[in-house]
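# Coordinates in review
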Amino acid sequence: MALLERRSDCQKPGLERLGVVGPSATVLFAKTVLLMVLLAHCFIGIDLTDEIQYYYQIEGLLRTGTLFATDLYVQQLIYILFYPVLKLYHSMFGVTGLVLFGRLLFAGLLLLLFAFSRRQFVRRGLDDGAACFASVALVLAVPYHGIFAISYNTISQIGWALTMLFVVCRVHLPMWVWALVISITGLAHPTAGIAVSVISGLFFVTQDRIRELLGVIAYCIVFSLILISLVFVLGGGISGFWTALAFSGGFSVGTALLSERNLFQYSQIAALVLGAMFLPTSRIAVRPLLWTLVALLAVSIIYGIQTRLTWPADSAWPYRYKLEFLDGWVILSAIALFALRCVQREHSVRLPDARALGLITLFQCAVLSATSSNGLAQGIGAFSLALPILTAGLVLQVYHPRQWTRRIPAVLVAALAVSMSLLYPYQQSSLVGAQRTFAEAPLFRGLLVTSEQDDFFHQAREQLAKQLPSRTGMILSRTPGLYAILNIAPQGCMVYNHSMRSERSEEAFFECMDQREIDFVFRVRWLDRDDRFAEIASKLTELRGFTCRELMFEPSSPPRGLSTMPLASLCD
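The structure displayed is predicted, hence computed values, not measured ones. (Residues numbered from 1 in each chain as written. Predicted model: local features only at pLDDT ≥ 70, side-chain atom pairs only at ≥ 80, totals over all residues. Heavy atoms only, no water.)

## Considerations on the nonpolar core
Stated formally: To qualify as a nonpolar core, a set must consist of buried Ala, Val, Leu, Ile, Met, Phe, Trp, Tyr and Cys residues joined through side-chain atoms within 4.5 Å. For every residue, the accessible area (1.4 Å probe, protein chains only) is compared with the maximum for its type, and the residue is labelled buried under 20%, exposed over 50%, or partly exposed between those bounds. The secondary structure listing takes helices from DSSP runs of H or I that are at least 4 residues long and strands from runs of E that are at least 2 residues long, numbered from the N terminus. Pairs of residues are marked as contacts when any of their non-hydrogen atoms sit within 4.5 Å.
Core analysis: the largest hydrophobic core is formed by 197 residues, its most contacted members being I46, W160, F383, F444, F509 and F522. The dominant element in this core, judged by the number of residues it contributes, is helix α14 (residues 323-346), at 15 residues. Once residues within four sequence positions are removed from consideration, F444 is found in contact with I46, L48, I52, V99, A439, F457, A484 and I485.

## With respect to helix α5 (residues 98-123)
Every α-helix carries 3.6 residues per turn, so stepping three or four residues along brings you back to the same face. Put simply, the test is: Here a helix's expected span is defined as the number of its residues, less one, multiplied by 1.5 Å.
Between the first and last C-alpha of α5 there are 38 Å, a value that for 26 residues agrees with the 38 Å anticipated at 1.5 Å per step. Directly beyond the C-terminal end of α5, a positive phi value near 115° is found at G125.

## Remarks on the confidence of the model for the protein chain
Just so we agree on the cut-off: pLDDT expresses, on a scale from 0 to 100, how confident the predictor is about each individual residue.
A residue-level look at the protein chain finds 87% of positions with pLDDT of 70 or above and a mean pLDDT of 86. Here residues 1-21 is a poorly scored stretch, pLDDT under 50, and it has 47 contacts once near neighbours within four places are set aside; other chains count. Low confidence marks residues 348-352, where pLDDT is under 50. Its contacts with residues over four positions away, or in another chain, come to eight contacts.

## Structural notes on the pattern of salt bridges
For the record, the criterion: Salt bridges are counted wherever a side-chain nitrogen of Lys or Arg sits within 4 Å of a carboxyl oxygen of Asp or Glu.
Following the criterion strictly, the structure yields eight salt bridges and no others. Of the charged contacts, one joins R63 and E59 as a salt bridge, the two residues approaching to 2.6 Å between their closest N and O atoms. With R63 and E59 both in helix α3 (residues 50-64), this residue pair falls four residues apart, about one helical turn. Of the charged contacts in the structure, one is a salt bridge between R549 and D572, with a shortest N-O distance of 3.1 Å. Residue R549 is located in strand β6 (residues 548-551), and its partner D572 is located in the segment after β7 (566-571); the two are separated by 23 residues in the primary sequence.

## Considerations on the packing of aromatic side chains
This is how it is decided: Any two rings among Phe, Tyr and Trp, with Trp reduced to its six-membered ring, count as a pair given centres within 6.5 Å; such a pair is stacked if its planes are under 30 degrees apart, edge-to-face if over 60, and tilted if neither.
Throughout the structure, instances matching the rule amount to 20 aromatic pairs. Seen in terms of ring centroids, Y303 and F325 are 6.1 Å apart; in terms of plane orientation they differ by 85°. Their pairing is edge-to-face. Taken together, the residues Y303 in helix α13 (residues 286-309) and F325 in helix α14 connect sequence positions 22 residues apart. Residue class for Y303 comes out partly exposed when judged on its relative accessible area of 38%. Look at F456 and F553: their rings are 6.2 Å apart centre to centre, the planes differ by 50°, and that puts the pair in the tilted class. Placement of the pair is F456 in helix α18 (residues 451-464) and F553 in the loop between β6 and β7, with a sequence separation of 97 residues. For the pair formed by F456 and F553, the shared burial category is buried. Following the ring pairs from residue to residue traces out a cluster consisting of F116, F166, W178, F203 and F204.

## Details of the state of the cysteines
For the record, the criterion: Any cysteine sulfur atom paired with another within 2.5 Å is treated as part of a disulfide.
The full count for this structure, using the stated rule, is two disulfides. Across the disulfide from C493 sits C512; the S-S distance is 1.9 Å. Handedness here is read from the sign of the S-S torsion; for C493 and C512, about -85°, the answer is left-handed. Taken together, the residues C493 in the loop between β4 (489-490) and α20 (503-513) and C512 in helix α20 connect sequence positions 19 residues apart. The exposure class of C512 is buried, given its relative accessible area of 6%. For C548, the disulfide goes to C571, at an S-S distance of 2.0 Å. Residues C548 and C571 are joined through a disulfide that is right-handed, its torsion about the S-S bond being 110°. Of this pair, C548 sits in strand β6 while C571 is found in strand β7, placing the two residues 23 residues apart along the sequence. Using a relative accessible area of 5% as the deciding quantity, one classes C571 as buried. In the protein chain, numbering the disulfide-bonded cysteines from first to last in sequence yields the connectivity 1-2, 3-4.

Set out below in structure tokens:
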């Protein structure tokens, strides 16, 4: 029996019983909210760090026709799937407005996910209004880290979301569709691809659908061979891919999770979720658990808003994936899971899907935490996907004569997702409340940036643009957005200089640099941060025979979190 059970006719919404077809005001409201949030993410704000790295990986692919042209991080493999449409745009407009176009493309993918999840919830018997709110929360869990862009993180998160829906809602799909989801997830995030393939295989085995499993495996082999061929063709062959893989090994992947503190906290999370999955249930606990969930959802929304509003103005940006926030997502998900099991017991429903969702969530949490230098905090991606599905199950199973009362949990989950999405974009101001103006840099065309960012952009151009000898070069900085601000096309093998902590990565970097023509090296050092790249910069200039000189750069509004004045030097 599926997690989201079909209700009897007497439990269906009033309009449905009367045979009236058409979107209700609730449905229109939920869709409008989602559309407004997605448009806000498309047009408002810019992250000058990771997001810029993504777009210069794309720009290098579009300009040269090869992967790893300007950046060696292997995470860019997913862009080969979007190469045709991005290349068409680039051929007409160049890099002008590329960030906006990429965001609109990503928003389109999220709308497709919304339509699919809503359909699955309704197909299982959930009323359309509650299905829409649950789907809004599910969709906004895709960019859980706050970067609204097509990336290895977001595409693999879509793969996780679809796998959860396939398993929990017992969706019957053509074998090639299931295989395509697994293959694309593996291209974006190889470890996640292996994980969802294991989950899918176990699902087919437990459902005694062995013939379908064999078909999915066959399609996966075909799709994987095609994708691997594309990677080698666009990635410079096996040697180019191997160099990128060696370089990416210096990203401290898995080390954060393996710390004693994070392992202890993960064991606590696992114990709480496993308790929710296997502790004895009681039908009299349903109502108290449901209203506890509602109360904690309201408290979580208030806490998220208050934390953002009271965040010190002179400190670094608050992250959406914090351990404090993870604790909240875990507690909410555990309560929802246990309450759902209690409700299913009351209705004499078997429990494997509720438990399956718990196991998938723990599995995903471990995968995300072990494959990111951010460690356990990345587990928010798993629990923010699970909570909307669990809530949809509760709304479906708990009967209440007033439709809106039954929808309250789904509405609050959507409100939590919307508030976190708008208030905690990655490395920038919240998307509401700040004074903004349109950015002038070609890459940022069409985007609204804060007045502080705009001041920094103007000062950087005025003080630095005329001192740089050409429009192509390499910038060593913690702010790769300087490439776009100064309209410099990257040369070299690393766009975002934030993590190179192994000799293997350094060797791969210099092996790549030996094959690159560099017009100049522009280095920006912030005094209040450690300078990990002093030795690399010195070695680069020595090998190239460059002469270095200091440049005047005194922005009145440096990027937040970098509170002191930078030291800038030019080597050519």
